[in-house]
Every structure is written in C-alpha cells, then in structure tokens.
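The residues making up each chain are set out below.
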Amino acid sequence: AFRLLMGAEGKITGMQDRRDYLKKMLEQADVVVSHSHFLQEKIRENGIFTDNVTYLPNGIQVDETPLDCRRSHPSPLRIGYIGQIARHKGVHLLVEAFIGAGADPQRAELHIYGDGSRWPAYMQALKDKADGHPAIYFKGTYPAEQVTRVLDQLDVLVVPSIWFENRPTVILEAFSRRVPVIVADMGGMAEMVRDEVDGLRFRPGDVKSLTQQLKRLVDDPDELGRLCAGIQPVRSVQVEMDEIERLYEKVIE
C-alpha cells in the first residue's frame, strides 16, 4: 500500500509539473486558439491569465450538394451513436435510455458504431445490458471516408458523453448531412446544438432525461423534420484556414 501511495504521489507531482509548464507556455504565446467558448472559460477557471485567447471554431470538409430533410427510408426511426465505445462517452446511458423508451422495434432502432476492442469489458457490459434487444445493433467500425454513408442511414445522432467535450467533429459531420443531434447539456457539445432548434439537449448523466428526448422523436415524426429544418450550413475547413492565415499575419505584423 505504501508503494502504491508513493507511486500516486509521483503521478500527482508529474501532473502538476505538466500543468505549470502548459500554463507558462500559454501565457507566453502571442495567440492561443480555442475551438469553443467552453474551453476559453476553462482556461480562465484554471488560473491561466492571458488575454490572447482567440475563439476560432474548427470546420470540416463539406459537400456542397443541397440536402433536404426528407427521410430516404421508411420507419423505423434510426437513432445512432458514432465514436469510442468507452464509459466516459456515456454509451451505456444511450442503451439504457433506448430500452427505457420502450419503442416497438418496428418504430425505432439504435445503431452503435465504434471499436469495442479497446475496452472489452465495457463492450460486453453494453451487450449484456442490451440482452439481445431486437432493435439494438452494434455495427463496429467503418473506414473514415464512409462517414457520410453512415450518417445518411441515420435520422438522429446522440452524443451522450459524461465528461466534457470541446467541439466534437461528429456533430459537425451530422449537421453537414442534415441529421439533428441530441447531446448532454454540458461542455462544448452543448454550445454546438441549439436546443429545440437543430437538436435536443438532456441533463448530463440522466437516463430518464435522455429517454424523454428519444420518446419525443419516436412518438412525433414531425418533430424530427422540424429539427432538421433548423440546421444551418456547417462551417467549412476553408473558412477556418482563412481565419488562421489572418491570425498568422496579425502575429507577424
């Protein structure tokens, strides 16, 4: 026990040294780029006193082909998750909420995409929780270039993380395909989704709250169309690069 305690103290000291080093570097930089207002606030909360933090949200490569909000496939409603299969990502909350919604398999499905091999015990716990549910599908991974194909097969994406997210690219990717997003109401992910406009929010870590939001979409198909219509064009990577170039020019000057 003593050796474990000493090892923990060493790690804590190392973490503090790293934090002190990063604080020093950030305060010396001419410009610090933050992808979210949430991260800007966290920088201040952690005692990094600098006035050089610039909000510059990242973009993605977008398909300029116009998309409408008509579903290309009939019922059931296809609810999706894309990302790490890990506890901090809250996938267990989504599985529990979907089961709790009690939707008939003919009316709703849950499609989970991600690599379950990194945390096999957690993946097995998810499968045990699903317990052979006829409308819960563990789809595994897919090549990155096929994300458009995957999103086009979904009606709504859920980001149920129980830890802070900065600016998840998957939300941008979903919006680029006119897919509304349900997110936990915290961190940078919450500021990306306009509640009741282009998606829905739920109380972080609250299965009942997420269940309620899922039931809304299952019970009222028109709700999905309303949220889809509220999605605005996604910021492109070219716009992001143009702003970064202007930042470089400003620093050089």
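If you're wondering where the values come from, they're calculated on a predicted model, not measured in any experiment.

## Quick look at the environment of Thr-141
For Thr-141, the position within the fold is in the loop between strand E5 (136-140) and helix H5 (147-151). When near neighbours in sequence (up to four residues on either side) are disregarded, Thr-141 contacts Gly-114 and Asp-115.

## What to know about the environment of Gly-90
Along the chain, the position of Gly-90 falls in the loop between strand E3 (77-82) and helix H3 (91-101). In sequence terms Gly-90 and Ala-184 are 94 residues apart; their C-alpha atoms lie 9.4 Å from each other. Beyond its immediate sequence surroundings of up to four residues, Gly-90 is in contact with Tyr-122, Pro-160, Ser-161 and Ile-162.

## A closer look at the pairing of strand E7 (residues 181-184)
Burial along E7 is two-sided: the residues Val-181 and Val-183 and Ile-182 and Ala-184 are all buried. Bridging between strand E6 (residues 156-159) and E7 involves 3 bridges; their strand directions are parallel. In the sheet register, Leu-157 faces E7, and the bridge partner there is Val-181. What joins E6 to E7 is helix H6 (residues 169-176), and the crossover it makes is right-handed. Taken together, the 4 bridges between E7 and strand E8 (residues 199-202) define a ladder with parallel strand orientation.

## A short note on the pairing of E6
Of the two faces of E6, both are covered, the one formed by Val-156 and Val-158 as well as the one formed by Leu-157 and Val-159. One ladder, built from 2 bridges, connects E3 with E6; its direction is parallel. From the neighbouring strand, Ile-79 faces E6, where its bridge partner is Val-156.

What counts and how
- Residues numbered from 1 in each chain as written.
- Predicted model: local features only at pLDDT ≥ 70, side-chain atom pairs only at ≥ 80, totals over all residues.
- Heavy atoms only, no water.
- Helix = DSSP H or I, 4+ residues; strand = E, 2+ residues; numbered from the N terminus.
- Contact = heavy atoms within 4.5 Å.
- Buried < 20%, exposed > 50% of the residue type's maximum accessible area, 1.4 Å probe, protein only.
- Pairing = 2+ DSSP bridges.
- Right-handed = clockwise from strand over helix to strand, strands pointing away.

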